[in-house]
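Descriptive analysis of the structure
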Amino acid sequence: PTMAHSKALLVLENFIGGRFVPCSSYVDSYNPSTGDVYCRVPDSGKEEVEAAVKAAKDAFPTWSSKSPLERSQILNKLADLIEHDLEAFAQAESKDQGKTITFARTVDIPRAVHNFRFFASSILHHVTECTEMPAMGCVHYTSRAPVGVAGLISPWNLPLYLLTWKIAPAIACGNTVVAKPSEMTSVTAWMMCKLLEKAGVPPGVVNVVFGTGAKAGEALVCHPDVPLISFTGSTLTAQRITEKSAPHCKRLSLELGGKNPAIIFDDADLSQCIPTTVRSSFANQGEICLCTSRIFVQRGIYSEFVKRFVAEAKKWKTGNPSDPTIDVGALISKEHLEKVRSYVKKAQAEGARVLCGEGVDPLALPPGNQKGYFMLPTVIAEVKDESCCMQEEIFGPVTCVVAFDTEEEVIQRANGVKYGLAATVWSGNVGRVHRVAHRLQSGLVWTNCWLVRDLNLPFGGMKASGIGREGAKDSYEFFTEVKTITIKH
Ligand code: NAD
């Protein structure tokens, strides 16, 4: 960009010890709906991470000794401040990520607000354990204390939503944090930093270091004074983080990818199932770890399902994310769009049929969005289970539909991938729903619905989808260290 152009760019700064600090180098951040560089993100490395960890360490003694009630009040205040600016946050998230303004307004930002309120409340209600040994004259009890400086690393698909899902429990429990959002979606985290002082979050309790995974992320993972890392992102990155943190024996929480099945039995209520399964396939451009990407339909209703499903998918409008009537925005990056498209081509080359979307239907975009990273919701049929489209996480608006005959068969096929994050089961038969749910290798099973979450309960994946769970009790346990104390009288 020219000088005049670069002046107009938004330039982010790291937030360390309660102050914004510039960085010596920056990376470009794109607006996915136009293809333009519009923001520069600090390209932090060891030095910046070192400063942030030091600030977090310094803040730990005071913050960890506050009562849960004091911390709870601060979290609630922060929630109120974000909510007050909800529209500005939603606009920023949509511009930065490519997601529709409607999704940012109704899902991302409200959930970020709720994350703070939820943990502000739940932190007040935990109880520890106590047992007695009268014959020995002893009582035993457990006590829980914050661990120290938590390293938090989040992905680009639900930027503020997933980052606050980590920051809120970490600081509610009394830890201090160094957070690193995705370099592709850093703006809302930076906006949140501007509210911390007003909310009463003391300097150094929340530090945000912006930059790439390879530099800033890895410096955080390798830092000896960061005993726990909570990571949400891809399975490949998780392997690297596990390796790099192994010499320090760090405590890890890993929320990873999915290849989520929907199983639709012939007694399913299709009037509910079809719109929900279209949503579970294409919401947020299919860029949600919980999105459905393998739809198994019982043979008797297969052709009817496919016909109605494709008709419903075609109703989803793709275009300018800031238009509130649009359902599908832009994908995160040019590279990601190319990767997602390449899966459709591979499926075609293997003999699968593309029923709608990519390469089949015309994509008309407004003049300002011609260089954006858009793709139509795409439905593929007749894909073999061993095809890469049925095995690998695509993370875009692509879903595969295949037929099955029996309950036993579909359980085997649904479990036949390396991932195990979320599954949906559609049937009116309660017995069947229970039987199938028990046998699915999946951290979450939704029956006759999708994405209905009670944050009290565990969230997380099996197999290559993760290690550990997050939720009221699970996050509390992850972000605290337990001690068993025995008293003899
Ligand atoms: P990613 O793994 O590429 O990046 C995630 C984060 O890790 C980013 O902040 C990145 O900068 C950082 N990172 C990259 N390399 C690193 C390294 N070597 N050391 C430390 N940090 C590093 O993932 P992504 O592409 O941003 O996100 C998409 C993935 O996230 C998908 O696989 C999706 O399924 C997964 N995801 C999972 C959940 C869940 O809760 N299970 C939720 C959302 C997204």
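Because the structure is a prediction, the values reported are computed rather than measured.

**A closer look at the packing of aromatic side chains**
Scanning all chains against the criterion turns up 9 aromatic pairs. Looking at Arg-111, its charged tip hangs above the ring of Trp-165, at a distance of 5.0 Å from the centre. A cation over an aromatic ring shows up here: Arg-432 above the ring of Phe-265, its NZ or CZ 4.1 Å from the ring centre.

**Overview of the packing of helix α14 (residues 407–414) against helix α15 (residues 430–439)**
Helix-helix packing is described using two parameters, namely the angle between the two axes and the distance between the axes. The contact between α14 and α15 brings their axes to 10 Å, and the two run at 30 degrees. Classified by the interaxial angle, the pair formed by α14 and α15 is roughly parallel. Crossing of α14 against α15: the hand is right-handed. Touching Glu-407, Glu-408, Ile-411 and Gln-412 of α14 are Arg-432, Arg-435, Val-436 and Arg-439, all from α15. Residues belonging to the contact of α14 with α15 are distributed by class as follows: 2 nonpolar, 1 polar and 5 charged.

**Some points on the domain arrangement of the chain**
It is common to give the size of an interface as the accessible area lost on bringing the parts into contact. For the chain, the domain assignment lists domain 1 (10–257 + 465–488) and domain 2 (260–447). The centre of domain 1, based on its C-alpha atoms, is set 31 Å off from the matching centre of domain 2. Taken together, the two surfaces of domain 1 and domain 2 that pack against each other cover about 2,000 Å², and 59% of this comes from carbon and sulfur. If you look at where domain 1 meets domain 2, you find 0 salt bridges.

**Things to note about the site of the ligand**
As a structural note, the neighbourhood of the ligand is formed by 30 residues, with Ser-154, Glu-183, Ser-234, Thr-237 and Glu-393 the closest of them. Between the ligand and the protein, one listed contact pairs an oxygen atom with a backbone N or O atom of Ser-154 at 2.7 Å. Between the ligand and the protein, one listed contact pairs an oxygen atom with a side-chain N or O atom of Glu-393 at 2.5 Å. Taken by itself the ligand offers 850 Å² of open surface, and the protein chains cover 90% of this. Those elements giving two or more residues to the shell around the ligand turn out to be α8 (213–222), β11 (228–232) and α9 (235–245).

**A short note on the UniProt feature "active site" (unreviewed entry) in the chain**
Residues annotated by UniProt as "active site" (unreviewed entry) correspond here to Glu-255. When you line up the elements, Glu-255 lands in strand β12 (residues 251–255).

**A word on the pairing of strand β16 (residues 378–381)**
Neither face of β16 is open: one carries Thr-378 and Ile-380, the other Val-379 and Ala-381, and all of them are buried. Bridging between strand β15 (residues 353–356) and β16 involves 3 bridges; their strand directions are antiparallel. Looking at β16, one finds that Val-354 is bridged to Ile-380. Note: β16 against strand β17 (residues 398–404), 4 bridges, orientation parallel. The partner of Thr-378 across the bridge, within β17, is Val-398.

**A word on the pattern of salt bridges**
Under the criterion given, the structure shown has 25 salt bridges. For Arg-117, the salt bridge identified is with Asp-80, shortest N-O distance 2.8 Å. Within this pair, whereas Arg-117 is found in helix α5 (residues 101–122), its partner Asp-80 is found in helix α3 (residues 68–84), the two being separated by 37 residues in sequence. The partner of Glu-408 in a salt bridge is Arg-439, with the nearest N and O atoms 2.8 Å apart. Of this pair, Glu-408 sits in helix α14 while Arg-439 is found in helix α15, placing the two residues 31 residues apart along the sequence. Its relative accessible area of 39% is what places Arg-439 among the partly exposed residues. Ionic contacts of the salt-bridge type, sharing partners, join the residues Asp-80, Glu-83 and Arg-117 into one network.

**Some words on unusual backbone geometry**
The phi dihedral of Gln-285 is positive, around 60 degrees, even though this residue is not glycine. Of note, Gln-285 is situated in the loop between α10 (270–282) and β14 (292–298). Positive phi values are uncommon outside glycine, yet Lys-463 reaches one of about 45 degrees. For Lys-463, the location among the structural elements is in strand β21 (residues 462–463). The class of Lys-463 is partly exposed, set by a relative accessible area of 38%.

What counts, and where the lines are drawn
- Within each chain, residues carry numbers counting from 1 in the order of the written sequence.
- Restriction of local features to residues with pLDDT of at least 70 applies here, the model being predicted, together with a cutoff of 80 or more for giving and counting side-chain atom pairs; totals for whole chains, interfaces and linings are based on all residues.
- Values shown for side chains rest on all heavy atoms present in the structure; no hydrogens or waters enter the calculation.
- Classification of ring pairs uses Phe, Tyr and Trp, with its six-membered ring standing for Trp, and accepts pairs whose centres are within 6.5 Å; under 30 degrees between planes counts as stacked, over 60 as edge-to-face, and the remaining range as tilted.
- A positively charged side chain is recorded as over a ring if its NZ (Lys) or CZ (Arg) lies within 6 Å of the ring centre. The angle to the ring normal must also be within 35 degrees.
- Angular values range over 0 to 180 degrees, each being the angle between N-to-C directions of two axes fitted as lines to C-alpha atoms, with helices fitted over their stretch in contact.
- Secondary structure elements follow DSSP: runs of H or I of four or more residues count as helices, runs of E of two or more count as strands, with numbering from the N terminus.
- Note that the term roughly parallel is reserved for angles under 35 degrees, roughly antiparallel for angles over 145, roughly perpendicular for angles of 65 to 115, and oblique for everything else.
- By definition, any crossing whose near helix is turned counterclockwise from its far helix by less than a right angle is left-handed, and any crossing with a clockwise turn is right-handed.
- Throughout, a contact is declared for two residues whenever any of their heavy atoms are within 4.5 Å.
- Each residue is assigned to one of three groups, with Ala, Val, Leu, Ile, Met, Phe, Trp, Tyr, Cys and Pro labelled nonpolar, Asp, Glu, Lys and Arg labelled charged, and all others, Gly among them, labelled polar.
- Note: domain ranges come from an automatic or database domain assignment.
- Summed over both partners, the accessible area (1.4 Å probe) lost when two parts come together is defined as the buried area.
- Salt bridges are defined as contacts in which a side-chain nitrogen from Lys or Arg sits within 4 Å of a carboxyl oxygen from Asp or Glu.
- Working definition: residue near molecule or strand if any one of its non-hydrogen atoms lies within 4 Å of it.
- Polar contacts, as counted here, are pairs of nitrogen or oxygen atoms within 3.5 Å of one another; within protein the pair requires one atom able to donate a hydrogen and one able to accept it, and residues that are adjacent in sequence qualify only if both atoms are side-chain atoms.
- For accessible areas, the Shrake-Rupley method is used with a probe of radius 1.4 Å. Any residue's cover is judged against the shown protein chains and nothing else.
- UniProt positions are given in the numbering used here, feature names are shortened, and annotations may be inferred rather than shown by experiment.
- Type-normalised accessible area, obtained with a 1.4 Å probe on protein chains alone, sets the label of each residue: buried when under 20%, exposed when over 50%, and partly exposed for intermediate values.
- Two strands qualify as a pair provided that DSSP identifies no fewer than 2 bridges between them.

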